[in-house]
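Understanding the architecture of this molecule
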Amino acid sequence: MAGKPIEGEKRAFMTGNEVVAWAAVAADVDIMYGYPITPQNEIMHYWTRMAPKYGREFLQTEDEISAGFTTIGGVLAGRRSFTATAGPGNTLMQEAMSMAEMMRIPIVQVVTQRGGPSTATVIYSQQEVTMTCFGGNGEGARIVYSTSTHQELFDYTIKAFNIAWKYRFPTFVLGDGYQSKMRESLTIYDPESRGIKMVPTEPYMGNEGLPGTDRDPHHLRNTYNTEDELYGVVTDIMKNWEKVAPEVAEYQEYDVEGADVLIVAHGVVTRAVQGALKQLKEEGKNVGHFRPITLRPIAEDQLRKRAEKAKVVLVVESSYGQLKKLITDAIYGLSTPIKTFLKPGEGITAEEVVEEVNKLL
Amino acid sequence: MAKGAKIALAGEGGQGVQSVAMIITEAAYEDGREALYIPNFGVEQRGGVSVAYVQISDEPIGSPKFKTADIVVALSDRAVRRTQKYVGEKTVFVYDADIDGVEDDLPKNAAKVLGIPAIRVAKDELHPRVFNIIIMGAVIGATGVVNLEKAKEAIEKKLGYKFEKDPKLRDLNYTAIERGIELVKEKL
């Protein structure tokens, strides 16, 4: 078998889909399960090209419902497994994701958001935020990273596997159509060369020893007979979720000290906001930017702290208030007004953000 | 020479605007610069106007799309109409001089509007297949974001395997890129 996919570090210029495939190979992923859908197709294409060289596998399933459940199967068998999808495929996968939430299965799903409900467009949006964070028939005990650059796409794809296996919550990398298709430069690396150790995987079934005596039993159950039973299990999951949420939540802040306007944006849109910030600073405006990296859980305390001091919060997103809902919920009770700049399915430029901020000042 | 550039390239599917965008950004990347290229990949892939958005800079690049381009290249009548919205007062607008019936649709607010006979030069002087390389020359001639040497290296990287079989193709492509630069420089 060939050696490591990446030795040390390497500069590269590639598409986001290629980045995800490289990251998964570098993260020692055993198998990808998938079903084609634009704009994530090339994740599968690149994976199927690279994986066999390193003894990894791929299964194309008959649809996304199946891709979701086979990924669960792979995880139960102790394999580092993942799937990738978008749009209506993400909708179909929610049933498996709900099961993963209920059973604490460390599944990893990469989502490359496309636009609109149903088939809609194959291009770009941030309209899969609600579905990716809360799309199951459950409470949304899932970890969602929203990436903004190819570098982050690489870093967080690797991280997703470690976080999923460490905390045993389904974990998502939320990219978008632009990230899938655009080319930009990044550094790809062997995780080990940066001291990143991959969390070992282990099968949920067929382990050595007597359950309950030699080891904890894996109580693999997804069906409950009574209300009380279900109440107990879900309460336990959510108690655990709330405990780990502050450890998992990630965010970035730009010029937030003393900011009158606090812009909140995630994913690719944060790039436009960061660009706008530069210009607004030159004009002497007091504007800051809070960027949640995890959308679920969101860095609530840190966001509240900043929002409380601002005169106004401006939520900028390529969807119609999906991020805003998360923000409203996180800062509930504060008197700071929330304004929005919403462009469902359309990219946002720095110039537009400058214009919106100037309307507020 | 420009420090950086925002470029919108638009043409009919098959005219090669996406390959041009890819080669230019590869060249810029190999030159150690920041580069970002995103194709418009809607149903246009299957016939219609195809748009490539390219940004080259010395600093990390923000949002993948932009409002106003430094240079817009439009290679068909539909592309001329479609790209109006990326034109501002500092934009250089390049179009193919042999497109019929677009006189009234050319932008009025551009810094410069340059009609270059790329299609004709490709057909009469060189070969229709190198039309997109002439366009690539026009883009780098107008922006200076990539030098000729790096551009040639990027072409070699992309098409080298074809040149091995037929070395005449290399000369043809190199002539095409130089002609493209000339065509735009004559007008600038």
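That block above? That's the structure.
Residues numbered from 1 in each chain as written. Chains lettered and ligands numbered in written order. Predicted model: local features only at pLDDT ≥ 70, side-chain atom pairs only at ≥ 80, totals over all residues. Heavy atoms only, no water.

1. Re the overall build of chain A
A count of helices and strands for chain A gives 12 helices and 14 strands. Computed over C-alpha atoms, the radius of gyration of chain A comes to 21 Å, within 12% of the 21 Å expected from 2.2 N^0.38 for 361 residues, which places it in the range of a compact globule. With the principal axes as the frame, chain A shows a C-alpha extent of 65 × 50 × 40 Å. Among the 361 residues that make up chain A, the fraction classed as buried is 57%. Summarising the internal contacts of chain A: among those between residues at least 6 apart in sequence, 80% fall at separations of at least 24. Between the mean site of the 38 positive side-chain charges and the mean site of the 47 negative ones, chain A shows a separation of 4 Å. (Helix = DSSP H or I, 4+ residues; strand = E, 2+ residues; numbered from the N terminus. Rg over C-alpha atoms; globule rule 2.2 N^0.38 Å. Buried < 20%, exposed > 50% of the residue type's maximum accessible area, 1.4 Å probe, protein only. Contact = heavy atoms within 4.5 Å. Lys, Arg positive; Asp, Glu negative; His and termini not counted. Charge placed at Lys NZ, Arg CZ, Asp CG, Glu CD.)

2. Considerations on the interface of chain B and chain A
Listed by partner, the interface residues are 21 residues for chain B and 23 residues for chain A. Between chain B and chain A the total buried area reaches about 1900 Å² when both faces are included, carbon and sulfur atoms providing 61% of it. At the boundary of chain B with chain A, the tally comes to 2 salt bridges. Residue Lys67(B) is joined to Glu355(A) by a salt bridge in which the shortest nitrogen-to-oxygen separation is 3.4 Å. On the surface where chain B and chain A come into contact, there are 7 residue pairs in polar contact (both at pLDDT 80 or more). When residues of the side of chain B that touches chain A are traced back to their parent elements, those giving at least two are α1 (17-30) and β2 (34-39) of chain B. For the side of chain B that touches chain A, the element with the highest residue contribution is β2(B), accounting for 6 residues. Counted by class, the side of chain B that touches chain A contains 11 nonpolar, 5 polar and 5 charged residues. (Buried area = accessible area lost by both parts, 1.4 Å probe. Salt bridge = Lys/Arg side-chain N within 4 Å of Asp/Glu carboxyl O. Polar contact = N/O pair within 3.5 Å; in protein donor to acceptor, adjacent residues only side chain to side chain. Nonpolar A, V, L, I, M, F, W, Y, C, P; charged D, E, K, R; others polar.)

3. Some details on the pattern of salt bridges
If you walk through the whole model with that rule in mind, you get 30 salt bridges over all chains. With a shortest N-O distance of 2.9 Å, Lys359(A) and Glu356(A) are connected by a salt bridge. One end of the pair, Lys359(A), and the other, Glu356(A), are both in helix α12 (residues 350-360), 3 residues apart, so they sit about a helical turn from each other. The exposed category is assigned to Lys359(A), whose relative accessible area is 59%. Residue Asp58(B) pairs with Arg33(B) through a salt bridge whose shortest N-O separation is 2.9 Å. Placement of Asp58(B) in the loop between β3 (49-57) and β4 (71-74) and of Arg33(B) in the loop between α1 and β2 is noted, with a sequence separation of 25 residues between them. On the basis of relative accessibility, which here comes to 46%, the residue Asp58(B) falls in the partly exposed class. A single salt-bridge network, built from bridges that share partners, covers Lys4(A), Asp190(A) and Glu192(A).

4. Section: helix α10 (residues 300-309) of chain A
All names here are of chain A. Along α10, the residues classified as buried are Leu303, Arg306 and Ala307. Around the axis of α10, the buried residues are gathered within 100° of arc, so they sit on the same side. Exposed and facing more than 90 degrees away from the buried side of α10 are Asp301, Glu308 and Lys309. Contacts from the buried residues of α10 go to β9 (251-254), β10 (261-264), β11 (287-292), β13 (312-317) and α11 (322-330). (Arc of directions from axis to C-beta.)

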